[in-house]
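Chain by chain, the residues:
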Amino acid sequence: WCSRFNHACAPNAEYGLSAGNTMRVRAIQPIAEGAEINICYIGDNILLTARMRRKLLKDRYLFDCICSLCTAPVDEFAARACRACGSRVVP
């Protein structure tokens, strides 16, 4: 039933497989009673720009992401290339 979790680019839960291929979901931040539990469908691609994340989600999962991160006026999680090493860093 993990497929019933909705997506958010900044989720409040994460999932993974444990021994015996059992799916486990755990909170990664406090979740208020009655609040929706969200997982991130795009894994390590969280450091992409909002436009790139939305395109990836549209192409892969056929929906337009309207999570709080994608609709924020400033794309705070978008990574930039480090001038020294070239890897991606969060500003």
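What comes next concerns the included structure. (Residues numbered from 1 in each chain as written. Predicted model: local features only at pLDDT ≥ 70, side-chain atom pairs only at ≥ 80, totals over all residues. Heavy atoms only, no water.)

## Some remarks on the overall build of the protein
So, point 1. In terms of regular secondary structure, the protein is built from 1 helix and 6 strands.
So, point 2. Each helix and strand of the protein, ordered N terminal to C terminal, gives the series β-β-β-β-α-β-β.
So, point 3. Across the 91 residues that make up the protein, the buried fraction comes to 26%.
So, point 4. Pairs at least 24 residues apart make up 46% of the contacts formed inside the protein by residues separated by at least 6 positions.
So, point 5. Carbon and sulfur atoms provide 53% of the accessible area of the protein, an area that totals close to 6,800 Å². (Helix = DSSP H or I, 4+ residues; strand = E, 2+ residues; numbered from the N terminus. Buried < 20%, exposed > 50% of the residue type's maximum accessible area, 1.4 Å probe, protein only. Contact = heavy atoms within 4.5 Å. Areas by Shrake-Rupley, 256 points an atom, 1.4 Å probe, with all protein chains shown as cover.)

## Describing the side chain of Arg 53
So, point 1. Take Arg 53: it is sitting in helix H1 (residues 50-61).
So, point 2. For Arg 53, a relative accessible area of 0% gives the class buried.
So, point 3. Of the polar contacts made by the side chain of Arg 53, one reaches the backbone oxygen of Leu 48; its length is 2.7 Å. (Polar contact = N/O pair within 3.5 Å; in protein donor to acceptor, adjacent residues only side chain to side chain.)

## Examining the side chain of Asn 38
So, point 1. The residue Asn 38 is located in strand E4 (residues 38-39) in this model.
So, point 2. Not counting chain neighbours up to four residues away, the residues in contact with Asn 38 comprise Asn 6, His 7, Ala 8, Pro 11, Asn 12 and Ala 13.

## Some thoughts on the packing of aromatic side chains
For any two aromatic rings, the description comes down to two numbers: the centre-to-centre distance and the angle of the planes.
So, point 1. Throughout the structure, instances matching the rule amount to 2 aromatic pairs.
So, point 2. Plain terms: the ring middles of Tyr 41 and Phe 63 are 6.0 Å apart, the flat faces sit at 85° to each other, and that makes the pair edge-to-face. On the criterion of sequence distance, the pair formed by Tyr 41 in the loop between E4 and H1 and Phe 63 in the loop between H1 and strand E5 (80-81) is long-range, its members being 22 residues apart.
So, point 3. Owing to a relative accessible area of 21%, Tyr 41 belongs among the partly exposed residues under this scheme.
So, point 4. Taken together, the aromatic side chains of Tyr 41, Tyr 61 and Phe 63 make up a single cluster linked through ring pairs. (Phe/Tyr/Trp six-rings, centres within 6.5 Å; stacked < 30°, edge-to-face > 60°.)

## As for a nonpolar patch on the surface
So, point 1. Together, Tyr 15, Leu 17, Met 23, Val 25, Ile 31 and Ile 37 make up an exposed nonpolar region whose accessible area comes to about 490 Å².
So, point 2. Secondary-structure elements contributing two or more residues to the nonpolar patch are strand E2 (13-18) and strand E3 (22-27).
So, point 3. By the secondary structure assignment, Ile 37 is in the loop between E3 and E4. (Patch = residues over 30% accessible without salt bridge, like charges linked within 9 Å, V, L, I, M, F, W, Y side chains within 5 Å. Salt bridge = Lys/Arg side-chain N within 4 Å of Asp/Glu carboxyl O.)

## Remarks on unusual backbone geometry
If a residue is not glycine, its phi is most likely negative; likewise, a peptide bond is most likely trans.
So, point 1. Positioned with a positive phi, Asn 21 is a non-glycine residue whose angle comes to about 55°.
So, point 2. In this structure, Asn 21 sits in the loop between E2 and E3.
So, point 3. Taking relative accessible area as the criterion, Asn 21 reaches 63% and is therefore assigned exposed.

## Considerations on the pattern of salt bridges
So, point 1. In the structure shown here, the tally under the stated rule is 3 salt bridges.
So, point 2. As a salt-bridge pair, Asp 64 and Lys 58 come within 3.5 Å of each other at their nearest N and O atoms.

These values are about where atoms sit, not about what they do.
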